[in-house]
Amino acid sequence: MQNTYFVDGVRTPFGKAGEKGVYWNTRADDLVVKAMIGLLDRNQSVPKDAIDDVAIAATTQTGDQGLTIGRTSAILAGLPNSVPGFAIDRMCAGAMTAVTMIGSAIGIGAYDLVLAGGVEHMGRHPMGGDADPNPRFIAEKLVNPDALNMGNTAEKIHDRYPVLTKERADAFAVQSQKRAAAAYEKNYIQQDLVSVSATTPEGLRVVDKDELLRPDSTVEGMKDLKTPFRANGKVTAGNASPLTDGATISLLAGDQAVKQYGLKPRMKMVTFAFAGVEPEIMGIGPIPATEKALKKAGLSISDIGLFEINEAFAVQVLSFLEHFKIADDDARVNAWGGAIAFGHPLASSGVRLMNQLSRQFEMRPDVRYGITTMCIGLGMGGTVIWENENYDGKKN
């Protein structure tokens, strides 16, 4: 048995999905390969042949996201043929699941060094585009039809919890944009971005910044946006994450590898949990997942000093904050902005959360524990509890 550490993580800048997006002519596997090469380049002390496995998540595993993308991307990134790889899918929590699954292999001593991440090219592969849901879901009323549309599930949360108003959702979304802009201004985000050369109608372009940031967002400007999922609804393009392309990758290590290669981990995995909820309100999934993880770790919510909560929809985050009695503007929550600002390329987002948490840990030695958590399509939630390797025991 050994500890599992998050040593380093990078991502591509996230781009707008679709023909007008910067990655429209870029393959999904090339995105994850760019990220992988960038990560390996800045961790030169790690021999490529010492990597035990590569886990890459994708929600839609077809075309340039298919063919066991963990293995193919490893080969394309120049790893030796001796390094295996595999693909994994848990919708939005794909990269998170890649980290927890392959990180667990480190924990039992089966592995020492691994790469884990995710990619989603939502422009090439729209969510659910090739899916063929079993007719029993509807015929036998196993799943509410609304569960098959993520926007409808967000509207359902607003319905169930009237205290989670559109005004609160809009205000939270603006806060996310402002915090992301401030983090960019301080160069917090760029330190873990790997630039990508992309072919666009205007020619070759170096992408070194997230494409979908809207720092000038205002609550007033969001007030009259269309509600595409329901007439007179509450979910808009302003208070939801946009459709996005991008890739992430992380380097995980156990005690033995940390010592052997002189690595400096940013954080240690404490425990994790996944939980299921009613599919039609999948956004509340992080609540039971977090309660389950806290119980496993013997901690309470008051022990958590930093939160990275995926902003699939503002109302989803608000439901978590309301449950745990945390203020909407709490500085511990998504301090550098979230998916509403950066984008949410489904299976890759889990490692973005980990990147941001681990960097905040470096700046906050007074904080011992933090969590990364996210809702997952078809009614699930996932939470990972992390311990700050820079904690100095002087918790304020």
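Being a predicted model, the structure only gives us computed values, none of them experimental.

What follows deals with the environment of Val-194. Assignment of secondary structure puts Val-194 in the loop between α6 (166-185) and β6 (196-200). In the structure, Val-194 is positioned 174 residues away from Lys-20 in sequence and 21 Å away in space, judged by C-alpha atoms. With near-sequence residues (within four places) excluded, Val-194 lies in contact with Val-10, Arg-11, Thr-12, Pro-13, Lys-34, Ala-35 and Gly-38.

So, on to helix α2 (residues 69-76). Because each turn of an α-helix spans 3.6 residues, side chains separated by three or four positions in sequence point in the same direction. Among the residues making up α2, those that are buried are Ile-69, Gly-70, Thr-72, Ser-73 and Ala-74. On the buried face of α2, the contacting elements are α1 (28-41), β3 (53-57), β4 (85-88) and β5 (113-121).

A few words on the packing of aromatic side chains. Scanning the entire structure with this criterion turns up five aromatic pairs. By the ring-pair criterion, three or more aromatic residues cluster together here, those being Phe-307, Phe-320 and Phe-324. The aromatic ring of Phe-342 is capped on one face by Arg-11, whose charged end is 5.4 Å from the ring centroid. Arg-90 extends its terminal NZ or CZ atom over the ring of Phe-274, reaching a point 3.8 Å from the ring centre.

Once that is clear, we can look at the pattern of salt bridges. A complete count under the given rule lists 21 salt bridges for this structure. Asp-192 is the partner of Arg-266 in a salt bridge, and the nearest nitrogen-oxygen pair spans 3.5 Å. Of the two residues, Arg-266 is situated in the loop between α8 (255-261) and β9 (267-276) and Asp-192 in the loop between α6 and β6; the sequence distance between them amounts to 74 residues. Taken as a pair, Arg-266 and Asp-192 share a single burial class, namely buried. Put simply, Glu-220 and Lys-223 hold a salt bridge, and the shortest N to O gap is 3.1 Å. Overall, the relative accessible area of 56% leaves Glu-220 in the exposed class. Each member of the salt-bridge network shares a partner with another, and the members are Asp-8, Arg-42, Asp-192, Arg-266, Arg-359 and Glu-362.

Our focus in this paragraph is the layout of surface pockets. The rolling of a water-molecule-sized probe over the atoms marks out the regions of remaining empty space. Space inside the largest pocket adds up to approximately 880 Å³. Along its surface, the largest pocket is lined by 33 residues, and Met-122, Met-127, Gly-128, Leu-148 and Met-150 are the ones closest to its centre. The residue inventory of the lining of the largest pocket, partitioned by class, reads 22 nonpolar, nine polar and two charged. Put simply, the second largest pocket is a space of about 180 Å³. Forming the boundary of the second largest pocket are Met-1, Gln-2, Asn-3, Thr-4, Gly-103, Ser-104, Gly-107, Ile-108, Met-269, Val-270, Thr-271 and Phe-272. Breaking the lining of the second largest pocket down by element, the ones donating at least two residues are α3 (94-107) and β9. Among the residues making up the lining of the second largest pocket, the classes are represented as five nonpolar, seven polar and no charged.

Our focus in this paragraph is the environment of Ala-154. Secondary-structure assignment places Ala-154 in helix α5 (residues 150-160). With relative accessibility at 1%, the residue Ala-154 sits in the buried group. Considered as a pair, Ala-154 and Val-315 are 161 residues apart in the sequence and their alpha carbons are 6.7 Å apart. With residues up to four places along the chain from it excluded, the contact list for Ala-154 reads Val-235, Phe-313 and Val-315.

We now examine the UniProt feature "domain: Thiolase C-terminal" (unreviewed entry) in the protein chain. UniProt annotation of "domain: Thiolase C-terminal" (unreviewed entry) refers to residues 264-387 when read in the numbering used here. Within the segment residues 264-387, helix and strand shares are 33% and 26% respectively, and the terminal C-alpha atoms sit 14 Å apart.

Let us now look at the UniProt feature "active site" (unreviewed entry) in the protein chain. UniProt records the feature "active site" (unreviewed entry) for Cys-92, His-344 and Cys-375 in the present numbering. Taken together, the annotated residues stretch across 284 residues yet fold into one region, lying no more than 11.8 Å apart by C-alpha. Those annotated residues from the list above that line the largest pocket are Cys-92 and His-344. Within the secondary structure, Cys-92 is located in the loop between β4 and α3. On the basis of relative accessibility, which here comes to 5%, the residue Cys-92 falls in the buried class. For Cys-92, the residues in contact, after removing those within four places along its chain, are Thr-59, His-344, Leu-346, Ala-347, Met-374, Cys-375 and Ile-376. Of note, Cys-375 is situated in strand β11 (residues 369-376).

Relative placement of two packed helices is described by the angle separating their axes and the distance separating the axes. Where α5 contacts helix α10 (residues 314-323), the axes come no closer than 9 Å and their chain directions differ by 40°. Accordingly, the angle class assigned to the pair α5 and α10 is oblique. Here α5 and α10 pass one another in a crossing that is left-handed. For the pair α5 and α10, the contacting residues are Ala-154, Ile-157 and His-158 in the first and Val-315, Gln-316 and Ser-319 in the second.

Next up on the list: the packing of α6 against α10. Put simply, α6 and α10 touch, their axes get as near as 9 Å, and they point 100° apart. In this view, α6 runs roughly perpendicular relative to α10, as classed from their interaxial angle. Taken together, the residues of α10 that come into contact with α6 (itself represented by Arg-168, Ala-169 and Phe-172) are Ala-314, Val-317, Leu-318, Leu-321 and Glu-322. In terms of residue class, the contact of α6 with α10 is built from six nonpolar, no polar and two charged.

Criteria and thresholds
- Residues numbered from 1 in each chain as written.
- Predicted model: local features only at pLDDT ≥ 70, side-chain atom pairs only at ≥ 80, totals over all residues.
- Heavy atoms only, no water.
- Helix = DSSP H or I, 4+ residues; strand = E, 2+ residues; numbered from the N terminus.
- Contact = heavy atoms within 4.5 Å.
- Buried < 20%, exposed > 50% of the residue type's maximum accessible area, 1.4 Å probe, protein only.
- Phe/Tyr/Trp six-rings, centres within 6.5 Å; stacked < 30°, edge-to-face > 60°.
- Lys NZ or Arg CZ within 6 Å of the ring centre and 35° of its normal.
- Salt bridge = Lys/Arg side-chain N within 4 Å of Asp/Glu carboxyl O.
- 1 Å grid on protein atoms, 1.4 Å probe; cavity = no way out; pocket = protein on both sides within 12 Å on 5 of 7 lines; lining within 4 Å.
- Points joined across faces, edges and corners; volume = space filled by probe spheres on them.
- Nonpolar A, V, L, I, M, F, W, Y, C, P; charged D, E, K, R; others polar.
- UniProt positions renumbered as here; feature names shortened; annotations may be inferred.
- Axes fitted to C-alpha atoms, helices over the stretch in contact; angles between N-to-C directions.
- Parallel < 35°, antiparallel > 145°, perpendicular 65-115°, else oblique.
- Left-handed = near helix turned anticlockwise from the far one by under 90°.

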